[in-house]
Amino acid sequence: MFSKFRSTRLSVALLATTALVSGTAAVAADAPAADDVTEVTVVSRRPLAESDAAALRVQKNSDSLVSVLSADEAGNLPDQNIAFAIGRLPGVGLERDQGQARYVNLRGMPRKWATISFDGLSVVSAEGRDSRFDNIPSAIASQVLVQKAIVPSMPGDTVAGNIDIRTRRAFDYKGQKISGKLGIGRVELGGGEEIDSNLVYSNIFMGGKLGIVAQGSYYRRNMATENWEVDPYLTQRAAAPGKTFAREFEYKNYRLTRYNSSASLRADYKIDENNTLFASSIWTIFKDDELRDNWIVRLDQGTNAAGVAYNSDANFSAADPKLGTVYGARLNARIDYRDSEEILATNTIGGEHKNWYGNDVSWRLNYTVGLNGGDTPVTAAFQSPSTFTDRPTAVYDFRNGEQNIVRLYRTTGTTTARVQGAAVLSAEEFNTPLQTFGRNAGGETTQAYTAKVDFDRQSELFGLPTKIEFGGLFTARNKKNELETYTATPTTLAGKGLAVPTWATLAIDDPYKGKQVLGYTFRYTNQGLTNGLMDSYINTGAAVRDTAASTTNYWKVDENQIAAYLMATTTFDWGNIVYGTRVEKIENNGQAYVNFSATSTADYRLVQTSSDDTLFYPSAHLNWNVTDKLKARFSLNRTASRPDYDDLRPNYTYSDSNQTVSGGNPNAKPEKQTGFDAYLEYYGDTGFLSAGFFYKDIQDVLFSQSGTFGSSVLNSGTTDRSTYTLTTLRNGGDGKLSGVEIFASQSAETFVEGLGWPEWLGGFGVKASATLSDSEVTVPSVGGVPARKVSLPGTSDGVYNLQMIYEKYGLTVRLAYQYRTTWIQDIGTYTMVGGVAVPTDNGDVYWDDDEEVDLSVRYQVNKNLEWFIDGSNLRNQGARRYGAVSTNPIEFEKFGQRYVTGLRFNF
C-alpha cells in the first residue's frame, strides 16, 4: 500500500502523477524544488486488495460459515451481474444462458436450494424457488455474503445457502459521494455493441440526521448465437439394442439484444443515537429481445432408400445412428420472437432501535413483486407437405459431437425405391407452407408481503455472556400465470381476404452473423415486417384469440408462512457457540381451470386445493479461535426446500378411457436435509487459507412418479376419478452430498520484501479454489424400471477457480479462469425395453464441462478517474449438452468473446 522512491526530476514528475492517483502525498506546502527532493511517500489505491481486506474482516467476525465479496472503495465489483461476481468465490458453480451467468449452484447443490435476500431480508424471486441472479446488476451491491450454514434467524428453506446482497447506505460515507462507470465495447460474434454504465449518488443532510443514496445502472448487449440441436432422441428398440437415433436436427442461430437495468433509492433517518428509520426501494429489470429463426429436419418423418420408415425396428437394426441418409424427411421452419422481461421490485421500510427495555429491536415491512414475462410477439410455424418428392433427402453426420451437421438434397424415385437427388444449399428452396401465425402475451407474476421483527439482548447463561435472539415473520406470497394467445391460419387469413405469408416474403438479406459451418443456409426474417403483419392480423380479426389456451394455462398458488425462532450465542474465551431452532408453518392454496367436458364442448371449472405443513429447523454452530489467525468452524443444521409454485398448481388433465391424470401436485412436501460442516480458516498478514468438509443427508427428494390420484376434486356426476393414476412430482428419493472445499489467497508483497527483491514484484498475487463434491440420490422405481442412483442436479465433481493478479502503482490486472466438470441438468424418464432400462427420449440431461477465461485491467488516471478494459470468454469455449451418455449430444452453442472499455469515476 505504501511505496518509497528516491527520485530525480523525472521520477518526481512520475510521483506527482502517482500522488494524483491516490489523492494523498507526503509533500509539504513549502516543499523544495524538484531537484532537491530525495524521498517522497505516496499512498496508491489497490482496489482488489482493499476489497479482499474488507471481505475478510466480515468473514472472520461472522458467527456462521460465510464467503464474502466486497466492493472496493469506488463502489465497483469488476463483474456485470451478481451471478458472475460471486462465481469467483469458492464453492460457487455457475449456470449460464447465452454465455451469461444466470444461476448459482452452491457447493454442488440444485439452484433452487439457494435463496436470495437484500440487506438480510429474504425476498421471492420472479422465477419462484429458482433464484435468478443475472437480473441483478453488481452495481447495486456494496457487499455480497454467501451464507453457507444457516442460523435460526434465517429462512428454513435455505438448503444450499443464502446470497445476501448488502446495498449501500449514505452513512457508510462521510458526506457527498458520486461514483459510477461508463463503458462501451464489442461482442465478437455478430459484431454488436455492449454498453455498461452505472451511477451512484450519496449525501447526508439535516445536520447528519438524514442520509440519501440513489443508484442507477444500464447494460445492453447486441449479440448473435451459433446453435444446433439434436433433440430429442427416440426410445431404443429391442431390435437394435444400444442404438440411439435422433428424432430431429435443428439450426437455431439467434439474433438478440439483452438489457439489464436497475434503480434504487434508500433514505436513513437518525432520530437519535439509539433509533434509526429507513425506507428503500430496489428495482431490477432484465429484458431479452430474441429473434429466433429455426429450421428443423424431422428425421423420423422420412424413410430409407427402400421406403422403410426411419424410426422402424427394421431400419434401426441396419442403420448407423451417427452417419446416414433419410429420404423424404419433413422440413419444418419456425419463427419465435421472444420479448421476455423479468422485473423484480422490492420495497422495504424498517427501523433499528437500541436498548428498548434492554433489547435491541429491528423490524421490517416489505412488499416485493416479480414479473417473469414470456411475451412472444410472433410465433409462426411452416411445414413441408406430405409428398416425399417435395421433401428433402437429409444426409446426417453426428460423429463430431461439436460440429454435427445435416446436408439437404432433392428426393426422387418411387415410394419404395427412393433416390438422392441434387444438392440443395438453401432450405428455402423447399416448399414449406405456413401452418400457424400467432402471438403469446403474459407470464408469471409473484407478489409477497412480509412483516419481520427481531429482538436481541445481552444476558448470561450458566455464568457465561450470552446474546439471546428471537423473532418472528409473516409472509403472504402468491404466484399466478396468465396467458393470452392469438392464432392466424391460412384458413382465417383467406377468410379475411389476406395473402398467406411465406418465409420468402418475411426474409431479409442481412448476412449470416455466425461462423459455424452450416449444412444448409437460410435467411433471417425481418423483425419489423413480421411484427407488423401480426399486428394487422389481430386488428382485422384474422388472428383469433384462443380462450381455451388462456383458460387452461391459468393457475394461481397462494402461500402463507408464519415463522418464529429462538437462538443464543454463548461466548467463551476461545470463541462462541450459536444454537437454537426455527419453526415454520406453511399453508398453500392452489387454483386452476380444468375441462370437465367429455365432448368437444368445453366445460371449464375452477379446481381449488389446499395443503399445510409445519417444520422445525434446529441448528448449532461452534466458532473456535484456535489462535489469533486460525479459526475453526463446525456446524450442524436442518433445512428443507419447498416445492416450486408451479409444482403445486392443480391444473389437471385427465383421460377417462385410460383412467390417468397429469398435472401438478398440491400435496408435494419439502425436500429435507441434515447438514454438517467443518472448516479451518487461516487469516495471514498478506494471505488467507481455508479448507473444509461438508456433508448433507437428503430425504424426500421430488421426482416424476406415478401413483393413485387420491383426490375427489375431479369427480363429476357418478364418475369417481380419485382412483385414477396420477403422474406428477412426488417425494420419494433419498440421497447424500459430501465434499471438500479449499481456498487460498496470497500476495507476494511480504515475500518479496523479505528477500530484498525489486519492489515491483510485490504486486503479484494469486487466488485459487477447488470444490470437490460427490452426490447420490435414489430415483424410485417407476413403471417396472428398477430404482437407480444419479447425481443431484447441479452437482459437478469439481468446481475450480484460479485468479492471477497484479496490483501496483495504480494498475490492477486480473486474469480469471473458471472450470467446472460435467453436471446433470434434469433427471429424465426411463422405460424397460428387452429387459433393459433405456431412456424414453433424452434420459438424464447433462451439461458438459464448462470453462471460461476473463481478463480485467484497471488503471488509476488520477484520484477521481480510473480507466478499465474487460474481456470475457476469451477462449470462446462452447456450451454442450448431452442425453444419458456423452456420445448423445443434444446441443452445442457458442457466443463469442466480449470486450468493454471505459472509465470509472469517484468524487
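Given the structure is predicted, the values throughout are model-derived calculations rather than measurements. (Residues numbered from 1 in each chain as written. Predicted model: local features only at pLDDT ≥ 70, side-chain atom pairs only at ≥ 80, totals over all residues. Heavy atoms only, no water.)

A. Looking closely at the overall build of the protein. Secondary structure summary: the protein contains ten helices and 46 strands in total. In terms of overall size, the protein behaves like a compact globule, its C-alpha atoms giving a radius of gyration of 30 Å where 907 residues would be expected to give roughly 29 Å. Considered along the principal axes of its C-alpha atoms, the protein spans approximately 100 × 70 × 55 Å. Buried residues in the protein amount to 54% of all 907 residues. Computing the positive centroid from 90 side-chain charges and the negative centroid from 103, the protein places the two 1 Å apart. (Helix = DSSP H or I, 4+ residues; strand = E, 2+ residues; numbered from the N terminus. Rg over C-alpha atoms; globule rule 2.2 N^0.38 Å. Buried < 20%, exposed > 50% of the residue type's maximum accessible area, 1.4 Å probe, protein only. Lys, Arg positive; Asp, Glu negative; His and termini not counted. Charge placed at Lys NZ, Arg CZ, Asp CG, Glu CD.)

B. The confidence of the model for the protein, seen in detail. When pLDDT is averaged across the protein, the result is 89; 94% of the residues are at 70 or more. Long-range and interchain partners of residues 1-43, a stretch whose pLDDT sits below 50, account for 58 contacts in this model, where long-range means more than four residues apart. (pLDDT = per-residue confidence, 0-100. Contact = heavy atoms within 4.5 Å.)

C. A look at the pattern of salt bridges. Counted according to the given criterion, the structure contains 63 salt bridges. For D130, the salt bridge identified is with R111, shortest N-O distance 3.3 Å. Of the two residues, D130 sits in the loop between β7 (121-122) and β8 (141-147) while R111 sits in the loop between β5 (100-106) and β6 (114-118), which places them 19 residues apart along the sequence. One salt bridge in this structure joins R266 and D119, with 3.7 Å as the shortest N-O distance. Taken together, the residues span a long stretch of sequence, with R266 in strand β13 (residues 248-272) and D119 in the loop between β6 and β7 at a distance of 147 residues. Both residues of the pair, R266 and D119, belong to the buried class. Each of D97, R102, E127, R132, D134, R258, D288, E290, R292 and E342 takes part in salt bridges that share partners, so that together they form one network. (Salt bridge = Lys/Arg side-chain N within 4 Å of Asp/Glu carboxyl O.)

D. Spotlight on helix α2 (residues 47-61). Along its 15 residues, α2 runs 22 Å from first to last C-alpha, staying within 8% of the 21 Å computed at 1.5 Å per residue. Within the span of α2, buried status applies to P47, L48, S51, A54, A55 and Q59. Down the axis of α2, the buried side of the element spans an arc of 135°, and every buried residue falls inside it. Relative to its buried face, α2 has exposed residues pointing more than 90 degrees away, namely R57 and N61. (Expected span 1.5 Å × (residues − 1). Arc of directions from axis to C-beta.)

E. How the structure looks around the packing of aromatic side chains. Scanning all chains against the criterion turns up 29 aromatic pairs. Arranged with centres 5.7 Å apart and planes meeting at 85°, the rings of F751 and W757 form a pair that is edge-to-face. Judged by its relative accessible area of 45%, W757 falls in the partly exposed class. Three or more aromatic residues joined by ring pairs make a cluster, and in this case those are W228, F249, Y251, Y396, F398, Y520 and F892. Positioned above the aromatic ring of F868 is the side chain of K181, whose terminal nitrogen or guanidinium carbon lies 5.7 Å from the ring centre. Against the face of F171 rests K270, its NZ or CZ located 4.3 Å from the ring centre. (Phe/Tyr/Trp six-rings, centres within 6.5 Å; stacked < 30°, edge-to-face > 60°. Lys NZ or Arg CZ within 6 Å of the ring centre and 35° of its normal.)

F. Quick look at the environment of I508. Positionally, I508 belongs in the loop between α6 (503-506) and α7 (527-540). Accessibility expressed as a relative area gives 24% for I508, which makes it partly exposed. In this structure, the C-alpha to C-alpha distance between I508 and A380, residues 128 residues apart in sequence, is 16 Å. Setting aside chain neighbours within four positions, we find I508 in contact with R523, Y524, T525 and N526.

G. Quick look at the environment of S536. Mapped onto the secondary structure, S536 falls in helix α7. Given a relative accessible area of 28%, S536 falls into the partly exposed group. Sequence separation between S536 and L145 is 391 residues, and the spatial gap between their C-alpha atoms is 51 Å. Here L533 takes part through its backbone oxygen, which lies 2.6 Å from a polar atom of the side chain of S536. (Polar contact = N/O pair within 3.5 Å; in protein donor to acceptor, adjacent residues only side chain to side chain.)

H. The arrangement of unusual backbone geometry in detail. The step from D231 to P232 runs through a cis peptide bond, and the omega angle for that step is -5°. Positive phi, normally seen in glycine, also occurs at N355, with a value near 55°. Positive phi is not limited to glycine here, since A884 has a value of about 70°. Mapped onto the elements, A884 comes out in the loop between β44 (879-883) and β45 (889-894).

I. A look at the pairing of strand β17 (residues 359-373). Inspection of the sheet shows strand β16 (residues 330-356) paired to β17 by 13 bridges, in the antiparallel sense. Directly across from I343, in β17, lies its bridge partner L371. Between β16 and β17, which pair antiparallel in sequence order, lie two residues; one of them, Y357, sits at a positive phi of approximately 55°. Pairing analysis gives 14 bridges linking β17 to strand β22 (residues 434-461), with the strands arranged antiparallel. Across the sheet, N372 pairs through a bridge with E444, a residue of β22. (Pairing = 2+ DSSP bridges.)

J. Geometry of the sheet that holds β7. Pairing within the open sheet is mixed, and its five strands lie in the order β3-β8-β9-β6-β7. Lying at the two open borders of the sheet, with one neighbouring strand each, are β3 (66-70) and β7. By the bridge criterion, five bridges tie β3 to β8 in an arrangement that is antiparallel. Pairing of L69 across the sheet is with V144, part of β8. In this fold α2 packs onto β3 and β8, with an angle of close to 150° to the strand it touches most, β3. (Axes fitted to C-alpha atoms, helices over the stretch in contact; angles between N-to-C directions.)

K. Molecular detail of α7. For α7, which comprises 14 residues, the first-to-last C-alpha distance of 20 Å matches the rise-based estimate of 20 Å (1.5 Å per residue) to within 8%. Along its buried surface, α7 packs onto β16, β18 (376-383), β22, β23 (464-488), α5 (490-495) and α6. For α7, the side-chain oxygen to backbone nitrogen distance between the N-cap and G528 is 3.2 Å, and the N-cap itself is N526. Phi turns positive, to about 85°, at G541, one or two residues after α7.

L. Up close: the sheet that holds strand β20 (residues 405-414). With antiparallel pairing, four strands are arranged side by side in an open sheet as β15-β19-β20-β21. Two strands bound the open sheet, and with one partner strand each, they are β15 (323-326) and β21 (417-424). The average undirected angle you get between the axes of adjacent strands in this sheet is 30°. Sheet topology note: the β15/strand β19 (residues 393-397) ladder contains four bridges and is antiparallel. Counterpart to T325 in the pairing with β19 is V395.

M. Fine view of a nonpolar patch on the surface. Together, W624, V626, F634, L636, F676, F693, V740, L772 and Y800 make up an exposed nonpolar region whose accessible area comes to about 730 Å². On the basis of relative accessible area, L636 is assigned to the partly exposed category, the value being 47%. (Patch = residues over 30% accessible without salt bridge, like charges linked within 9 Å, V, L, I, M, F, W, Y side chains within 5 Å. Areas by Shrake-Rupley, 256 points an atom, 1.4 Å probe, with all protein chains shown as cover.)

N. Focus on the nonpolar core. The biggest cluster of nonpolar side chains holds 51 residues, and the ones touching the most others in it are V297, V406, F437 and Y520. Of all the elements, β16 adds the most residues to this core, at four residues. Leave out the neighbours within four places in its chain, and V406 touches F249, Y251, V297, A394, V395, Y396, F398, G519 and Y520. Counting 42 residues, the second-largest nonpolar core is a separate cluster that includes V104, F118, F133 and V777. (Core = buried A, V, L, I, M, F, W, Y, C linked by side-chain atoms within 4.5 Å.)

O. Geometry of the side chain of T609. Counting through the fold element by element, T609 comes out in strand β27 (residues 604-625). Setting aside residues no more than four positions away along its own chain, T609 makes contact with N588, N589, G590, P650, Y652, P666 and V713.

P. Broad picture of the side chain of R391. Position of R391 relative to the elements: it lies in the loop between β18 and β19. Of note is the side chain of R391, whose polar atom sits 3.1 Å from the backbone oxygen of Q301. When residues no more than four places from it in sequence are discounted, the contact partners of R391 are Q301, G328, A329, R330, S384, P385, S386, T411 and F430.

Q. View of the pairing of strand β31 (residues 671-683). Alignment of strand β28 (residues 630-641) against β31, held across twelve bridges, turns out to be antiparallel. Counted as the bridge partner of A632 is L680 from β31. Inspection of the sheet shows β31 paired to strand β32 (residues 687-708) by twelve bridges, in the antiparallel sense. If you follow Y679 over to β32, its bridge partner there is G692. Where β31 folds back on β32, the antiparallel hairpin that results is connected by three residues.

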